[in-house]
Amino acid sequence: MVNLICCQVDFSDDDEEENVFKAKPIDYMNNVNIVNDPYMQKNKPSNAIHVNTLNSPSLPNQNLPNTNQLVGSEKTMEQFLDRLLHESVYDRRIRPFYTDSKSSKPVDVEMNMHINTISGISEVNMEYTVDCYFRQEWFDPRLTYSNSSWKHVEDITLHYDLVNKVWTPDAFFRNSKDAKSHKITVPNRLIRIFPEGRVLFSQRLTLRLECPMKLQKFPLDNQTCTINIGSFGYTLKDIKFEWKKNVDGSPSVTISNKLEMPDFILTTHNSSVCQRKTSTGAYACLEVKIELQRDLSSYVNEVYIPSSFVVSLSFISFFIDHKSAAARAPLGATSVLTITTMLGGSYACLEVHFYLKRSFGYYLVQVYIPSILTCLIAFVSFWVDHKAVPARISVGLLTVLTVTTQSSGIRSQLPKVSYIKAIDVWMSACLVFVFAALLEYAVVNVIARKQELKRLVRQSERNKRKAQMTPKLPSYSPTNEKVLVIGNRLAHMNSYNKSDIDNHNSHEALESLLQPNRSGSIKKNPQSNHSLHVDSVVSISGVSQQSVPPASTPQAPPLPPRDDAQMVDFVSSFLFPISFIIFNIIYWMVYLNMQVDNN
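Keep in mind it's a predicted model, so treat the numbers as computed, not measured.

Topic: the environment of Ile 290
- Note that Ile 290 resides in strand E15 (residues 281-294).
- Along the chain, Ile 290 and Gln 223 lie 67 residues apart, while their C-alpha atoms are 8.3 Å from each other.
- Not counting residues within four places of it along the chain, the set of residues in contact with Ile 290 comprises Ile 115, Ile 118, Tyr 128, Gln 223, Thr 224, Cys 225, Ile 227, Leu 266, Thr 268 and His 269.

Observations concerning unusual backbone geometry
- Here Ile 184 and Thr 185 are connected by a cis peptide whose omega angle stands at 0°.
- Position of Thr 185 among the secondary structure elements: in the loop between strand E8 (176-181) and strand E9 (189-193).
- Look at Phe 97: it is not a glycine, yet its phi comes out positive at around 65°.
- Phe 97 sits in the partly exposed class, given a relative accessible area of 28%.
- Residues other than glycine seldom take positive phi values, yet Met 126 does so here, at roughly 55°.
- Within the fold, Met 126 resides in the loop between strand E4 (107-122) and strand E5 (127-139).

A look at the state of the cysteines
- All chains considered together, the criterion is met by two disulfides.
- One disulfide bridge connects Cys 211 with Cys 225, the sulfur atoms lying 2.0 Å from each other. For the disulfide bridge between Cys 211 and Cys 225, the dihedral angle about the S-S bond is near -80°, and by the sign convention the bridge is left-handed. Residue Cys 211 is found in the loop between strand E10 (198-210) and strand E11 (222-231), and its partner Cys 225 is found in strand E11; the two are separated by 14 residues along the sequence.

Points about the nonpolar core
- If you look at the biggest cluster of nonpolar residues, it comprises 54 residues, and the most contacted ones within it are Ile 115, Ile 118, Tyr 128, Phe 173, Ile 227 and Ile 229.
- Top contributing element to this core by residue count: E4, with seven residues.
- Leaving out residues up to four positions away in the same chain, Ile 229 has contacts with Met 111, Met 113, Phe 134, Ala 171, Phe 172, Phe 173, Phe 241, Trp 243, Ala 284, Cys 285 and Leu 286.
- In terms of nonpolar packing, the next biggest core, distinct from the first, is built from 34 residues, Val 403, Met 427, Leu 431 and Phe 583 among them.

Examining the side chain of Glu 137
- In this structure, Glu 137 sits in strand E5.
- Of the residues examined, Glu 137 reaches a relative accessible area of 9% and is grouped as buried.
- In terms of polar contacts, Glu 137 uses its side chain to reach the side chain of Arg 198, at 2.9 Å.
- What Glu 137 contacts, discounting residues up to four positions off in sequence, is Asp 108, Val 109, Glu 110, Arg 198, Val 199, Leu 200 and Lys 244.

A word on the pattern of salt bridges
- A complete count under the given rule lists 20 salt bridges for this structure.
- Note that Glu 137 is salt-bridged to Arg 198, the shortest N-O span being 2.9 Å. One end of the pair, Glu 137, is in strand E5; the other, Arg 198, is in strand E10, and 61 residues separate them in sequence.
- Residue Asp 263 is joined to Arg 294 by a salt bridge in which the shortest nitrogen-to-oxygen separation is 3.2 Å. Highlighted residues: Asp 263 in the loop between strand E13 (253-255) and strand E14 (264-278) and Arg 294 in strand E15, separated in sequence by 31 residues.
- Residue class for Arg 294 comes out buried when judged on its relative accessible area of 4%.
- It is possible to trace a salt-bridge network through shared partners that takes in Glu 110, Glu 137, Glu 196, Arg 198 and Lys 244.

Details of the sheet that holds E15
- Here we have four strands laid out as an open sheet, ordered E7-E11-E15-E14, and antiparallel in their pairing. Unpaired on one side and paired on the other, strand E7 (171-173) and E14 mark the two borders of the sheet. Each strand axis lies, on average, 20° off the axis of its neighbour in the sheet, ignoring direction.
- Two strands pair when backbone bridges link them, and E11 and E15 are joined in this way by nine bridges, in the antiparallel orientation. The partner of Asn 222 across the bridge, within E15, is Gln 293.

Description of a nonpolar patch on the surface
- Together, Trp 383, Met 567, Phe 570, Val 571, Phe 574, Leu 575, Ile 578, Ile 582, Ile 586, Val 590, Met 594 and Val 596 line one region of the surface with nonpolar side chains, adding up to about 1,200 Å² of accessible area.
- Note on placement: Phe 574 falls in helix H13 (residues 564-593).
- The class of Phe 574 is partly exposed, set by a relative accessible area of 44%.

Considerations on the confidence of the model for the protein chain
- Across the protein chain, the average pLDDT comes to 74, with 66% of residues at or above 70.
- Low pLDDT, under 50, characterises residues 490-506; the stretch is placed with 23 contacts to residues that sit more than four places away or in other chains.

Here we look at the pairing of strand E6 (residues 155-158)
- The alternating pattern of E6 places Asp 155 and Thr 157 on one face and Ile 156 and Leu 158 on the opposite face, and all of these are buried.
- The sheet contact formed by E6 and E9 spans three bridges and is antiparallel. Residue pairing for E9: Thr 157 is matched across the bridge by Arg 192.

Some words on the pairing of E11
- Counting buried positions over the 10 residues of E11 gives seven, a clear majority of the element.
- Sheet analysis places E7 next to E11, joined by three bridges and oriented antiparallel. Bridged to Ala 171 within E11 is Ser 231.

Digging into the environment of Glu 210
- With respect to the element layout, Glu 210 can be found in strand E10.
- Glu 210 sits in the partly exposed class, given a relative accessible area of 38%.
- Between the C-alpha atoms of Glu 210 and Met 126, which are 84 residues apart in sequence, the distance is 5.9 Å.
- When near neighbours in sequence (up to four residues on either side) are disregarded, Glu 210 contacts Met 126, Glu 127, Tyr 128, Asn 175, Lys 177 and Thr 226.

What to know about the packing of aromatic side chains
- A complete count under the given rule lists 28 aromatic pairs for this structure.
- Centre to centre, the rings of Phe 379 and Phe 433 are 6.1 Å apart; their planes meet at 75°, and the pair counts as edge-to-face. Here Phe 433 lies in helix H8 (residues 422-469) and Phe 379 lies in helix H6 (residues 361-380), a separation of 54 residues in the sequence. For the pair Phe 379 and Phe 433, a shared accessibility class is recorded, and that class is buried.
- Plain terms: the ring middles of Trp 383 and Phe 574 are 6.1 Å apart, the flat faces sit at 75° to each other, and that makes the pair edge-to-face. Note that Trp 383 is positioned in the loop between H6 and helix H7 (389-411) and Phe 574 in helix H13, a separation of 191 residues in sequence.
- Feature note: the residues Phe 360, Tyr 368, Phe 379, Phe 382, Trp 426, Phe 433, Phe 576, Phe 580, Phe 583, Tyr 587, Trp 588 and Tyr 591 constitute an aromatic cluster, connected by ring pairs.
- One Lys or Arg, Lys 105, reaches over the ring of Phe 97 and ends 4.4 Å from the middle of that ring.

Calculation criteria
- Residues numbered from 1 in each chain as written.
- Predicted model: local features only at pLDDT ≥ 70, side-chain atom pairs only at ≥ 80, totals over all residues.
- Heavy atoms only, no water.
- Helix = DSSP H or I, 4+ residues; strand = E, 2+ residues; numbered from the N terminus.
- Contact = heavy atoms within 4.5 Å.
- Buried < 20%, exposed > 50% of the residue type's maximum accessible area, 1.4 Å probe, protein only.
- Disulfide = S-S within 2.5 Å.
- Core = buried A, V, L, I, M, F, W, Y, C linked by side-chain atoms within 4.5 Å.
- Polar contact = N/O pair within 3.5 Å; in protein donor to acceptor, adjacent residues only side chain to side chain.
- Salt bridge = Lys/Arg side-chain N within 4 Å of Asp/Glu carboxyl O.
- Pairing = 2+ DSSP bridges.
- Axes fitted to C-alpha atoms, helices over the stretch in contact; angles between N-to-C directions.
- Patch = residues over 30% accessible without salt bridge, like charges linked within 9 Å, V, L, I, M, F, W, Y side chains within 5 Å.
- Areas by Shrake-Rupley, 256 points an atom, 1.4 Å probe, with all protein chains shown as cover.
- pLDDT = per-residue confidence, 0-100.
- Phe/Tyr/Trp six-rings, centres within 6.5 Å; stacked < 30°, edge-to-face > 60°.
- Lys NZ or Arg CZ within 6 Å of the ring centre and 35° of its normal.

Written out as structure tokens, the structure is:
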């Protein structure tokens with residue numbers, strides 16, 4: 001508590017004619033003469049006086065001079081204020097410029113506002129919170145002291161409790177849901193009187209205001225929130241509100257340069273004057289419109305990118321064999337479930353900075369290590385046979401959903417800020433790795449099916465060639481029994497070909513073919529034996545030329561075709577872990593050495 005310096009006034013008969021006070025300076029707190037106090041002499045204010053009259057002794061009214069006697073008088077500030085604010089002279093119940101006649105003019109109240117923060121913007125409750133300095137200025141001729149002995153004082157700042165002794169406008173916030181005045185460490189109120197009778201009243205307020213929002217374009221929307229100030233009881237006949245026009249041309253409503261909102265960007269603001277008519281009369285009002293643009297970056301990271309991944313997962317099922325019902329059904333059902341879940345003065349100031357270092361152990365155990373293990377599980381799937389479709393799909397899908405769930409849980413604990421956090425980079429990278437692992441299997445599955453299709457085509461062509469290489473048997477005819485017998489024999493001949501028949505051993509071959517039937521239907525006839533041989537040779541030659549392939553030399557068995565699907569899995573089993581290790585090195589080097597400016 002600051003010691004109060006007042007003067008003890010002594011009225012004498014000799015002094016009454018000159019209207020001069022004899023003052024003896026004393027210290028009311030410690031009853032010490034100010035002349036003998038070097039500290040008070042050194043720190044005596046020069047041109048502005050801050051007065052606290054709450055603990056000063058009251059002066060007898062009969063010893064106080066009339067207001068007209070204050071002109072040219074020398075006296076203490078306590079006496080001056082006691083006379084200036086005395087109930088017999090000043091009645092705070094009556095507004096300035098009020099008279100009984102019809103010629104009384106209204107009070108012009110000028111206002112300005114400085115907004116410190118805008119927070120708590122809620123689409124659910126359609127409201128937002130503002131912390132601001134609210135200032136009002138008006139003229140009260142009853143408080144003029146330009147003709148007194150204190151006219152050299154530029155302004156007098158009163159104690160905050162003296163606000164209750166001065167008339168103040170009845171301004172209120174029309175669209176407020178709740179409001180509070182700050183009282184720590186003392187009530188944050190300022191009242192200041194100027195020589196010409198101008199009064200400044202400033203206070204710090206926290207307001208919870210309604211803000212009707214149009215959410216048709218959410219989250220691509222822009223919103224306009226208002227601050228509406230009006231007079232509660234005084235009509236336009238008694239009071240008028242205006243925005244203060246600053247000499248330097250600065251706006252009446254200012255916003256802190258350090259203002260940051262987690263979900264919006266302040267684009268512009270403007271102030272206007274309005275009037276409100278109700279059943280009780282017409283009232284003055286002022287309005288501030290704050291234009292807010294929603295920051296889309298948080299929704300891109302938390303909504304659009306994850307949902308795009310989930311939709312892409314459902315598209316991957318198109319590349320999986322339709323016969324793998326155990327893989328395609330869980331993939332589609334899980335994708336559906338994921339989407340449905342998913343002022344005019346300088347003041348002394350003391351400031352203390354606390355530098356806090358976040359404990360990293362919790363996030364290492366709860367976030368980083370589990371996400372690393374999830375990525376490793378996705379990489380292990382490269383070593384699983386690509387023909388095991390349900391196993392590969394289950395591993396890939398579960399890892400993607402696990403990383404997505406971890407990321408959503410972390411972001412729910414943090415505010416929706418516009419910049420990218422280190423944890424956002426980490427979780428996004430993990431999501432990219434596990435999603436790429438699942439996408440890799442889709443590519444492998446497509447390659448494997450194409451190879452299987454090529455193998456079936458080659459097998460079909462091979463079967464066709466074998467069918468063409470098999471000799472066609474002649475149809476049965478009673479007149480050509482010899483050709484039938486030879487044809488049946490040729491069906492089992494794999495070592496005879498055209499060259500064997502055309503050479504000199506053709507007769508021996510025919511003899512061997514006809515050997516089992518010689519005792520039957522075919523009779524030995526030396527004359528017809530030659531013709532038999534000739535006809536048989538012709539028949540065999542014809543068949544051989546058309547159906548019997550040439551003899552081939554023994555060849556080594558062909559090498560099995562290369563499995564491209566296995567090769568992609570093999571390359572991915574090394575490429576993905578190496579890429580993840582490189583990402584870890586870059587991530588920790590960047591963020592462990594990054595310096596963030598907190599100013």
